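Listed below are the residues making up each chain.
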Amino acid sequence: MKNSLVSKLAALIVLGILVLAAVLLFLARSGSQDMLRATSGVADRMLTEDIQNKNQANQESAATYGASMAQYLAFISASPLWNLQEELLKEYAKGMLQLPNLAYAVVYDDGNKAVAGEKKEGAGIQVFTHGVVYDGKKIGQVEVGLATDHLEAALKKNEQVKADLISTFEKEAQGAQSALVSRLGITAAAIAAVLLMV
């Protein structure tokens, strides 16, 4: 009688340990999935914020660059515009197109007539103007168009980097999760085997 009671208690203990091991495996798996979702969400938000910050910095940099180029063209155009040196102004406007991301450069006289360069219309061009001043008097205006396709390309590249990073993170986290669950399963099986032997 004692033997069968001890056997029954041992079987109940082993069964209880197996159920406990199964519950622990389930909890470990669901907990690691919750952790994966949470960390993936945090990484996504951090990368999204980083992209927004980079995009804003790129736009501010482009605006500063465009304004500086307009100011520079206005400065070098003052004397030739005053002295009606249209060929020199045309060379200046043409030379501005050699600078990165400038789509066009135009010099206008005080009647708003283009004397050098040609304006280009279209999407993807940000316009910057600056007055041309000679001897304290405004004698015209310049306008430069900054192509913004490089900003769009940078944004797309940043979005692709984000997608790649999130994908890599999720794959590696899933691998770590599988390894954790496997180790817990092996540990639970080993404990159950030891208890069955005892």
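J.: Quick question: what am I supposed to make of the overall build of the protein chain here?
T.: Along its length, the protein chain carries 3 helices and 4 strands. Starting at the N terminus and walking to the C terminus, you meet the elements of the protein chain as α-α-β-β-β-β-α. In terms of overall size, the protein chain is more extended than a compact globule, its C-alpha atoms giving a radius of gyration of 35 Å where 198 residues would be expected to give roughly 16 Å. With respect to the three principal axes, the spread of C-alpha positions in the protein chain is 120 × 25 × 20 Å.

J.: Please clarify how the sheet that holds strand E1 (residues 102-109) should be interpreted in this entry.
T.: Think of a sheet as strands paired side by side through backbone hydrogen bonds, with each pair either parallel or antiparallel. Taking strand neighbours across the sheet as the criterion, the 4 strands line up as E2-E1-E4-E3 in an open arrangement whose pairing is antiparallel. Bordering the open sheet on either side are strand E2 (114-116) and strand E3 (125-134), each of which pairs with just one other strand. Strand-to-strand twist across the sheet, computed as the mean angle between neighbouring axes with direction ignored, equals 30 degrees. The sheet strands contacting helix H2 (residues 86-96) are E1, E2 and strand E4 (137-147), and the helix crosses E2 at an angle near 80 degrees.

J.: Would you explain the nonpolar core in this entry?
T.: In terms of nonpolar packing, the biggest core is built from 23 residues, with Leu73, Leu81, Met96, Val107, Val132, Val142 and Val144 touching the most fellow members. The set of elements that each furnish at least two residues to this core consists of helix H1 (2-82), H2, E1, E2, E3 and E4. Setting aside residues no more than four positions away along its own chain, Leu81 makes contact with Leu89, Val107, Tyr108, Asp109, Val115, Val132, Ile139 and Gly140. Counting residues in hydrophobic clusters, the runner-up holds 5 residues, among them Tyr104, Val106, Tyr108 and Ala147.

J.: Would you mind showing me how to read unusual backbone geometry here?
T.: Backbone geometry at Asn101 places phi at a positive 65 degrees, although glycine is not the residue there. Turning to its location among the elements, Asn101 is positioned in the loop between H2 and E1. According to the relative accessible area criterion, Asn101 is partly exposed, its value standing at 31%. Backbone geometry places Asn112, a non-glycine residue, at a positive phi of 65 degrees.

Definitions and cut-offs
For every chain, the first residue of the written sequence is number 1, and numbering continues from 1 along that sequence. Residue-level local features of this predicted model are given only where pLDDT is at least 70; pairs of side-chain atoms are given and counted only at 80 or more, and the full residue set underlies all totals for whole chains, interfaces and linings. Excluded from the side-chain calculations are hydrogens and water; all other atoms, namely the structure's heavy atoms, are used. Counting from the N terminus, the helices are DSSP H or I runs at least four residues long and the strands are E runs at least two residues long. Only C-alpha atoms enter the radius of gyration; for comparison, a globular chain is expected to reach 2.2 Å times N to the power 0.38, where N is the number of residues. Only strands joined by at least two bridges in the DSSP assignment are considered to pair. Between N-to-C directions, angles span 0 to 180 degrees; the directions come from axes that are lines fitted to C-alpha atoms, helices contributing only their stretch in contact. Here a residue-residue contact requires only that any non-hydrogen atoms of the pair lie within 4.5 Å. The term nonpolar core refers to a set of buried residues drawn from Ala, Val, Leu, Ile, Met, Phe, Trp, Tyr and Cys, joined through side-chain atoms within 4.5 Å. A simple rule labels every residue: compare its accessible area, found with a 1.4 Å probe on the protein chains alone, to the largest value its type can have, and call it buried under 20%, exposed over 50%, or partly exposed in between.

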